Amino acid sequence: MTTQHKGAPARQVPNKTWKPAAAGARITLSAIKADVGGYPGHMSVHPHLIEEAEARLNEARKDGLLVDYCVSSCGDDLELIMTHKEGVDSEKIHKLAWDVFYSCAGVAHGLKLYGAGQDLLADSFSGNVKGMGPGVAEIELDERKSEPVVVLMADKTGPSAWNLPLYKMFADPFNTAGLVIDGSMHDGFVFEIHDVKEHQKIEFSCPEELYSLLAFIGSTGKYLIKSVRRKDGTPAAVSSTQKLSLIAGKYVGKDDPVAIVRCQSGLPALGEVLEAFSTPWIVAGWMRGSHNGPLMPVSRKQATPSRFDGPPRVVALGFQIAHGKLVGPIDLFDDPSFDHVREEANHIGSFLRRHGPFEPHRLPPHDMEYTTMPEIMNKLKGRFRKID
Ligand code: F6R
Ligand code: MG
Ligand code: MG
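Residues numbered from 1 in each chain as written. Chains lettered and ligands numbered in written order. Predicted model: local features only at pLDDT ≥ 70, side-chain atom pairs only at ≥ 80, totals over all residues. Heavy atoms only, no water.

Here we come to a nonpolar patch on the surface. On the surface, Met373, Ile376, Met377 and Phe384 cluster together into a nonpolar patch covering about 390 Å² of accessible area. By the element assignment, Met377 lies in helix α10 (residues 373-380). (Patch = residues over 30% accessible without salt bridge, like charges linked within 9 Å, V, L, I, M, F, W, Y side chains within 5 Å. Areas by Shrake-Rupley, 256 points an atom, 1.4 Å probe, with all protein chains shown as cover. Salt bridge = Lys/Arg side-chain N within 4 Å of Asp/Glu carboxyl O. Helix = DSSP H or I, 4+ residues; strand = E, 2+ residues; numbered from the N terminus.)

The subject of this paragraph is the coordination of the magnesium ion (ligand 3). The coordination sphere of the magnesium ion (ligand 3), as far as protein atoms go, consists of Asp76 (OD), Asp77 (OD), Asp155 (OD) and Asp256 (OD), spread over 2.0 to 2.4 Å. Ordering the donors of the magnesium ion (ligand 3) by residue number gives the pattern D-D-x77-D-x100-D. (Donors = N, O, S within 2.8 Å, 3.2 Å for Na, K, Ca; no water.)

Next up on the list: helix α2 (residues 91-110). Spanning 20 residues, α2 covers 28 Å between terminal C-alpha atoms, matching the ideal 28 Å at 1.5 Å per step. Buried within α2 we find Ile93, His94, Leu96, Ala97, Trp98, Val100, Phe101, Ser103, Cys104, Ala105 and Ala108. Of the surrounding secondary structure, the elements contacted by the buried residues of α2 are β1 (26-34), α1 (47-62), β2 (66-74), β3 (77-84) and β4 (135-142). Its side-chain oxygen 3.2 Å from the backbone nitrogen of Lys92, Ser90 forms the N-cap of α2. Immediately beyond the C-terminal end of α2, within one or two residues, lies Lys112, with a positive phi of roughly 55°. (Expected span 1.5 Å × (residues − 1). Buried < 20%, exposed > 50% of the residue type's maximum accessible area, 1.4 Å probe, protein only. Contact = heavy atoms within 4.5 Å. Polar contact = N/O pair within 3.5 Å; in protein donor to acceptor, adjacent residues only side chain to side chain.)

Distances from the magnesium ion (ligand 2) to its protein donors, Asp35 (OD), His42 (ND1) and Asp76 (OD), fall within 2.0 to 2.3 Å. Between the magnesium ion (ligand 2) and the magnesium ion (ligand 3), both coordinated by Asp76, there is a metal-metal distance of 4.8 Å. A residue pair is termed long-range when its members are at least 10 positions apart, and His42 in the loop between β1 and α1 and Asp76 in the loop between β2 and β3 qualify at 34 residues. Given a relative accessible area of 26%, His42 falls into the partly exposed group.

For the rest of this paragraph, the subject is the pairing of strand β14 (residues 313-322). The two faces of the sheet receive side chains in turn, since in a regular strand these alternate between them. The element β14 is largely enclosed, with a buried count of eight among its 10 residues. In the sheet, strand β13 (residues 296-297) pairs with β14 via two bridges, with the strands oriented parallel. Directly across from Pro297, in β14, lies its bridge partner Val314. Bridging between β14 and strand β15 (residues 325-331) involves five bridges; their strand directions are antiparallel. Each residue of the ladder has a partner; that of Ala322, found in β15, is Lys325. Counting the residues that bridge the hairpin from β14 to β15 gives two residues, and of these His323 lies at a positive phi of roughly 55°. (Pairing = 2+ DSSP bridges.)

Counting residues in hydrophobic clusters, the biggest one holds 42 residues, and the most contacted among them are Leu152, Met169, Phe170, Phe191 and Phe277. Looking at this core element by element, the count peaks at five residues for helix α3 (residues 163-171). In this view, Phe277 contacts Leu152, Trp162, Pro165, Met169, Leu295, Pro297, Val314, Phe333, Phe338 and Val341; residues no more than four positions away in its chain are not counted. Residues Ala34, Phe101, Ala105 and Val136 belong to the second largest nonpolar core, which totals 32 residues. (Core = buried A, V, L, I, M, F, W, Y, C linked by side-chain atoms within 4.5 Å.)

So, about the side chain of His361. By the secondary structure assignment, His361 is in the loop between α9 (339-353) and α10. Separated by 3.0 Å, the side chains of His361 and Arg353 make a polar contact. When residues no more than four places from it in sequence are discounted, the contact partners of His361 are Trp286, Ser290, His291, Asn292, Phe308, Leu352, Arg353, His355 and Gly356.

Okay, the packing of aromatic side chains next. By the definition in use, this model includes seven aromatic pairs. Look at Phe277 and Phe333: their rings are 5.7 Å apart centre to centre, the planes differ by 70°, and that puts the pair in the edge-to-face class. Taken together, the positions of Phe277 in the loop between α7 (270-275) and β11 (282-285) and Phe333 in the loop between β15 and α9 put the pair 56 residues apart, joining distant regions of the chain. With relative accessibility at 3%, the residue Phe277 sits in the buried group. A relative accessible area of 0% means that Phe333 is categorised as buried. For the pair Trp286 and Phe308, a centre-to-centre distance of 5.7 Å together with 75° between the ring planes defines the contact as edge-to-face. Here Phe308 lies in the loop between β13 and β14 and Trp286 lies in helix α8 (residues 286-289), a separation of 22 residues in the sequence. (Phe/Tyr/Trp six-rings, centres within 6.5 Å; stacked < 30°, edge-to-face > 60°.)

A separate point is empty space enclosed by the protein. Overall, the coordinates contain one cavity of 30 Å³ or more when judged by the stated rule. Roughly 30 Å³ of internal volume is contained in the largest cavity. Here the residues of the lining of the largest cavity are counted per class, giving two nonpolar, four polar and four charged. (1 Å grid on protein atoms, 1.4 Å probe; cavity = no way out; pocket = protein on both sides within 12 Å on 5 of 7 lines; lining within 4 Å. Points joined across faces, edges and corners; volume = space filled by probe spheres on them. Nonpolar A, V, L, I, M, F, W, Y, C, P; charged D, E, K, R; others polar.)

Right, here's the structure in full:
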């Protein structure tokens, strides 16, 4: 499905003397998201919030701060996809995103939407939206002769949902044929891993350090893939690693993640990026952030987590970046070749649901976002006896 975003480049008049496009300038692609109110419950984003965000970003484009933008959503998360020349971690861009979320939260309050303003953890902006609630993935790139990118957006899960797909895209030859048969990919990629509990990071160069990489990223509650780059330094992918529960010290919402992946010409082909989602692997975040469920690749229209507030969803939007403009998006999972993955996800989801409150459907106690355990323990504390 083609869904041209508002303000997309006008229809091009064919130029008979066309030459291959030259590589463009340096540009930053920022995907910043927040849940500022759901409709109904935690299911989707009300169109009025999308309209408000579009109007605000349109002003920022007129003022010259943004080159282009596309407002989207996945489940109850509002997603701002922006191109600009300010680099990553720009205070101006983060403030813009914060202000847009803030005014959208105002619209959400007016409509009494659910959890209005829930991801805006601070009363005012303080330089960078990281650590304040919103999820952020940003990549600064030298626009190639042709620049295809995919923006991945997930709901009812956390940033560790990207660990397995990013591994498959950039390190698994059974997923990415180019690792074996394309000379420009054969050397492999470097993965930057964040330990979100100890706040430290480490890099692994693959394929040489593949087994060490896997030893860490299989522990999805602690180690997250932050970024991937080619060995010549070309940035290839970046994910959001915010963990709201760690930021706020208590449950305030889901850290539903975003990621950006560049494709083609020495990077995974578009289809190799999408192939990584052909297994609906099991991720944390379903119902009350306290259950495991299959990650279901869906179109934007199907990103309405309805069954037991899920199962977790992922949407992929494809763009070509042309002189900083976002040409697109194409709703990439809106395709019958993913029907069987959705079907498999439904089977896995039903099977897990039959476990009810038992692990491994329910998360282990320390990973649950909701728990009554301390209260129950407190009530029953006098009744425990030593086992002889
Ligand atoms: C929210 C989510 C939901 C909620 C659940 C209970 O992203 O995943 O499953 O956790 O609907 O929400 P409250 O406690 O707000 O009624
Ligand atoms: Mg919500
Ligand atoms: Mg959400």
